[in-house]
Amino acid sequence: MNYLAPLRRAALAAALLLPMYAWSAAALPGNSVYRLDATLTDAAGQHFALHDMAGTPVLITMFYGDCHAACPVIIETLKRTVAALGPDGKRVRVLMISLDPKHDTPASLSSLLMMHQLDPAQFRLVAAGSDSQTRALAATLNIKYRVLESGEINHTTRIALLDANGTVQVDTTRLDADPDPAFVKQVAALIK
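A quick note: this is a predicted structure, and the numbers were derived from the prediction, not measured.

Cut-off values and rules
Residues numbered from 1 in each chain as written. Predicted model: local features only at pLDDT ≥ 70, side-chain atom pairs only at ≥ 80, totals over all residues. Heavy atoms only, no water. Helix = DSSP H or I, 4+ residues; strand = E, 2+ residues; numbered from the N terminus. Contact = heavy atoms within 4.5 Å. Buried < 20%, exposed > 50% of the residue type's maximum accessible area, 1.4 Å probe, protein only. 1 Å grid on protein atoms, 1.4 Å probe; cavity = no way out; pocket = protein on both sides within 12 Å on 5 of 7 lines; lining within 4 Å. Points joined across faces, edges and corners; volume = space filled by probe spheres on them. Nonpolar A, V, L, I, M, F, W, Y, C, P; charged D, E, K, R; others polar. Pairing = 2+ DSSP bridges. Right-handed = clockwise from strand over helix to strand, strands pointing away.

Caption draft 1: Spatial organisation of the side chain of Gln-122. Mapped onto the fold, Gln-122 is located in the loop between helix H3 (106-115) and strand S5 (123-128). Apart from the residues lying within four places of it in its own chain, the contact partners of Gln-122 are Val-82, Gly-89, Lys-90, Val-92, Arg-93 and Val-94.

Caption draft 2: Spotlight on unusual backbone geometry. Of note, the phi angle at Gln-117 is positive, near 50 degrees, even though the residue is not glycine. Looking at the secondary structure, you find Gln-117 in the loop between H3 and S5. Residue Gln-117 is classed as exposed on the basis of its relative accessible area, which comes to 67%. Phi is positive for Asn-142, close to 60 degrees, though the residue is something other than glycine.

Caption draft 3: Spatial organisation of empty space enclosed by the protein. Applying the stated criterion across every chain, the model contains one cavity of 30 Å³ or more. Roughly 30 Å³ of internal volume is contained in the largest cavity. When the residues that make up the lining of the largest cavity are grouped by side-chain class, the tally is two nonpolar, four polar and two charged.

Caption draft 4: Summary view of the pairing of strand S3 (residues 58-63). Extensive coverage of S3 is indicated by the burial of six of its six residues. The side-chain alternation of S3 yields two buried faces, one formed by Val-58, Ile-60 and Met-62 and the other by Leu-59, Thr-61 and Phe-63. One ladder, built from six bridges, connects S3 with strand S4 (residues 93-98); its direction is parallel. Bridge pairing in S4 links Val-58 to Arg-93. Chirality of the crossover, the property in question, places the unit of S3, helix H2 (residues 70-84) and S4 among those that are right-handed.

Caption draft 5: Structural context of the layout of surface pockets. In this structure, the second largest pocket occupies an estimated 180 Å³ of space. Lining the second largest pocket are Leu-99, Asp-100, Pro-101, Lys-102, His-103, Asp-131, Arg-135, Tyr-145, Val-147, Gly-151 and Ile-153. For the lining of the second largest pocket, the secondary-structure elements that each account for two or more residues are helix H4 (131-140) and strand S6 (145-147). Classifying every residue of the lining of the second largest pocket by side-chain character gives five nonpolar, two polar and four charged.

Caption draft 6: Main features of the environment of Ala-136. Looking at the secondary structure, you find Ala-136 in helix H4. With 100 residues separating them along the chain, Ala-136 and Leu-36 place their C-alpha atoms 8.0 Å apart.

Caption draft 7: Fine view of the pairing of strand S8 (residues 159-162). Side chains Ile-159 and Leu-161 project from S8 onto one buried face, and the interleaved Ala-160 and Leu-162 project onto a second face that is buried too. Two strands pair when backbone bridges link them, and S3 and S8 are joined in this way by three bridges, in the antiparallel orientation. Directly across from Leu-59, in S8, lies its bridge partner Leu-161. Pairing analysis gives four bridges linking S8 to strand S9 (residues 168-172), with the strands arranged antiparallel. Looking at S9, one finds that Leu-162 is bridged to Val-168. Counted along the chain from S8 to the antiparallel partner S9, the turn is five residues long, and its residue Gly-166 has a positive phi close to 85 degrees.

Dropping the structure here:
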């Protein structure tokens with residue numbers, strides 16, 4: 001019996017898959033958000049890599065669950081933006097990344113989904129695997145934040161539309177439950 005056969009098959013499979021992975025990473029534009037190496041965990045407890053979001057338009061932002069000021073407005077803005085896109089809005093995925101990965105657990109993120117009546121098939125609330133990944137994501141998305149002694153987090157608000165390759169196409173920093181009409185118009189034009 002040849003005990004090395006399974007090892008040879010595994011090595012061959014790895015050798016075949018490595019060029020495919022290298023090609024896909026190289027195929028992404030240099031300014032793609034998906035080039036960032038970040039492991040995320042969603043409200044269902046599923047772990048995935050940021051680049052797994054590639055392939056469809058994504059509205060992306062950052063928030064935190066215990067926020068009682070800007071973040072509920074951001075959530076409402078995203079809901080209304082998707083609704084304002086009409087039937088095309090169903091094609092857009094929404095990725096909301098926590099600024100507080102220590103406290104925003106899958107259970108608390110799941111509660112937020114239910115509380116805000118967000119469709120988990122379209123809205124993905126996630127936390128990064130570490131504070132350093134959270135900081136890298138915030139820097140990449142041009143979102144500044146700082147944690148106060150009270151536990152509150154001061155942060156800028158920004159919603160961006162990523163294309164299928166993870167490149168920011170348009171963004172808005174307007175903080176209002178009613179979506180920015182110019183942003184909605186730009187998103188609608190880009191997702192057609």
